[in-house]
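# Results of the structural survey
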Amino acid sequence: KEITLSEVRNLSSDKDPNVRKSAYEAELAAYPKISQSVAYALNGVKGEVNTICELRGFESALDQAVYQSRMEKSTLNALIESMKEYLPHFQKYIKRKGELLGHKNGLPYYDIFAPMGESSKEFTIDEAMEYIFENFRTFSSGLEALARRAKDEEWIDYTSRPGKRGGAFCSNIHPIKQSRILTNFSGSFSGVITLAHELGHAYHGDQIFSERLVNSSYTMPVAETASTFCETIVKNAALKDAEKEEKITILEQSLKGSTQVVVDILSRFIFEAEVFDKRKTTPLNPRMLNEMMISAQKEAYGDSLDHDYLMPYAWLNKGHYYRGGLSFYNFPYAFGLLFAKGIYAEFIKQGEPFVQKVNLLLRKTGQMSVEEVAGLVGLDISSREFWNSSLDVIVEEINLFLELTK
């Protein structure tokens, strides 16, 4: 039957391996019908950005993106180099997943999001929120109180219905000092994690509401700090409580997300940098864009993916590439994940006294550079050591997953 592209892409996480592969093949077959026109659009956007950057005195679109992110180029370089250094660890996880799914030549692209294992626990909305309250309390009573307020004052639109968009989102509304959260909660543990993530955004908003409206706009790199931090609190609590099979499921779910944010984001960063560079001298047709994307995927994933089943059209299905005012909308995700992991590691070391430092950090994200914000909690994010220590947290999860799936 005929379904939309977004519906086809959602089938990448279907439980049936035949459905996942068929959806991948249908997706690849659909793209050539629109690739020429979309390539024209991409050339127009990137060409315009190159022209404006030159007029504004930026050496490149990346330099402009770094400036807009209120960060130093040296910080970005440290982040990217650490990500590259740790790729072999992520590739081990990807290879193991491929083996567990019965693949011999690496993981095919169509199985990247394949679900693994079964979580025996299903949550009602009330159970999910109580679980979140209980675990948020381990950080602070303030975080728990914010989550309770969101529930009691009905800030959250929980479940799916006809006409409602998919995914999840949080909007912080400064004039009324409240947030609104959209989710599509279905009772799964991943849905609980999503709720915790969006409530983290609401907590960030709650902290920044005490600042003037003019100081409330924060940049992309720090936007995911509180959300990822809150997600980590709940996930780590679940890991402690879980039996072996459920532990594997929770770990794999977490690693799937971390791999997207580190490995796939790196491939997209490499691709976009090359697009901007080559667009200075020539228009890029779909064949060239496909070849550049495949090359970037091979560089980031190595031999952990099956090279016969990659995704050459990953430039066409990502709306981020087509926002002229927000180039390189990729590295901020890696920054956010690893920055939050580093903050969580410090909280584990320092305990309750660290809570007020985190709150101050969140309040000042609309006023300071990312380096200054990190300095409020004693972190030096311009150093490779910080990013390596954050990545080490994920490596521990990878090693545990490898051990449990021997």
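Refer to the preceding data block for the structure.
What this report covers is the structure whose coordinates are included nearby. (Residues numbered from 1 in each chain as written. Predicted model: local features only at pLDDT ≥ 70, side-chain atom pairs only at ≥ 80, totals over all residues. Heavy atoms only, no water.)

Another aspect to go through is the overall build of the chain. If you tally the helices and strands in the chain, you get 17 helices and three strands. The C-alpha atoms of the chain give 21 Å as radius of gyration, which agrees with the globular expectation for 406 residues (22 Å, within 12%). For the chain, the C-alpha atoms occupy an extent of roughly 55 × 50 × 45 Å along the three principal directions. Contacts in the chain between residues far apart in sequence, at least 24 positions, make up 73% of those at least 6 positions apart. Total accessible area on the chain is roughly 18500 Å²; 50% of this is exposed by carbon and sulfur atoms. Taken as two groups, the 47 positive and 55 negative side-chain charges of the chain have centres that lie 2 Å from each other. (Helix = DSSP H or I, 4+ residues; strand = E, 2+ residues; numbered from the N terminus. Rg over C-alpha atoms; globule rule 2.2 N^0.38 Å. Contact = heavy atoms within 4.5 Å. Areas by Shrake-Rupley, 256 points an atom, 1.4 Å probe, with all protein chains shown as cover. Lys, Arg positive; Asp, Glu negative; His and termini not counted. Charge placed at Lys NZ, Arg CZ, Asp CG, Glu CD.)

This next bit is on helix 3 (residues 35-56). Owing to its 3.6 residues per turn, the α-helix aligns residues three or four sequence positions apart on the same side. Under the 1.5 Å per step criterion, the end-to-end length of helix 3 is 31 Å for 22 residues, consistent within 8% with the ideal 32 Å. Residues of helix 3 that are buried: Ser 35, Val 38, Ala 39, Leu 42, Asn 43, Val 45, Lys 46, Gly 47, Val 49, Asn 50 and Cys 53. Two residues or fewer past helix 3, Gly 57 is found with a positive phi of approximately 90°. (Expected span 1.5 Å × (residues − 1). Buried < 20%, exposed > 50% of the residue type's maximum accessible area, 1.4 Å probe, protein only.)

With a phi close to 55°, Arg 70 is a non-glycine residue in the positive phi region. Of note, Arg 70 is situated in the loop between helix 4 (61-68) and helix 5 (73-85). Arg 70 sits in the partly exposed class, given a relative accessible area of 28%. A positive phi angle is found at Phe 328, which is not glycine, with a value near 55°. Within the secondary structure, Phe 328 sits in the loop between helix 13 (286-301) and helix 14 (331-350). Judged by its relative accessible area of 2%, Phe 328 falls in the buried class.

This part covers the pairing of strand 2 (residues 169-173). The pairing of strand 2 with strand 3 (residues 178-182) spans five bridges and is antiparallel. The partner of Ile 173 across the bridge, within strand 3, is Gln 178. Taking the residues between adjacent antiparallel strands as the criterion, strand 2 and strand 3 are bridged by four residues, where Lys 177 takes a positive phi near 55°. (Pairing = 2+ DSSP bridges.)

Tracing the backbone through its elements, the reader meets Leu 101 in the loop between helix 6 (87-100) and helix 7 (125-136). In the structure, Leu 101 is positioned 13 residues away from Ala 114 in sequence and 8.7 Å away in space, judged by C-alpha atoms. With near-sequence residues (within four places) excluded, Leu 101 lies in contact with Leu 107, Asp 111 and Ala 114.

Here we take up the side chain of Lys 46. Relative to the assigned elements, Lys 46 resides in helix 3. Residue classification places Lys 46 among the buried positions, given a relative accessible area of 1%. Not counting residues within four places of it along the chain, the set of residues in contact with Lys 46 comprises Glu 272, Val 275, Phe 276, Arg 279 and Tyr 321.

As a further point, take the side chain of Ser 390. Mapped onto the elements of the fold, Ser 390 is located in helix 17 (residues 384-404). In terms of polar contacts, Ser 390 uses its side chain to reach the backbone carbonyl oxygen of Leu 338, at 2.9 Å. Residues contacting Ser 390, with those up to four places away along its chain left out, are Leu 338, Lys 341 and Gly 342. (Polar contact = N/O pair within 3.5 Å; in protein donor to acceptor, adjacent residues only side chain to side chain.)

So, on to the nonpolar core. In this structure, Trp 315 and Phe 339 are the most contacted members of the largest nonpolar core, which totals 122 residues. With 14 residues, helix 12 (residues 244-279) is the single largest residue contributor to this core. Those residues in contact with Phe 339, other than ones at most four positions away along the chain, are Val 222, Thr 225, Leu 361, Ala 374, Leu 379, Ile 381, Phe 386 and Trp 387. (Core = buried A, V, L, I, M, F, W, Y, C linked by side-chain atoms within 4.5 Å.)

Here we come to the packing of helix 12 against helix 17. One way to put it is that helix 12 packs onto helix 17 with a least axis distance of 10 Å and a crossing angle of 140°. Classified by the angle between their axes, helix 12 and helix 17 sit oblique to one another. The way helix 12 lies across helix 17 gives a crossing that is left-handed. In this structure, helix 12 uses Lys 244, Lys 247, Ile 248, Leu 251, Glu 252, Ser 254, Leu 255, Ser 258 and Val 262 to contact helix 17, whose residues at the interface are Leu 391, Ile 394, Glu 397, Ile 398, Leu 400, Phe 401 and Leu 404. Taken together, the residues that form the contact of helix 12 with helix 17 break down as ten nonpolar, two polar and four charged. (Axes fitted to C-alpha atoms, helices over the stretch in contact; angles between N-to-C directions. Parallel < 35°, antiparallel > 145°, perpendicular 65-115°, else oblique. Left-handed = near helix turned anticlockwise from the far one by under 90°. Nonpolar A, V, L, I, M, F, W, Y, C, P; charged D, E, K, R; others polar.)

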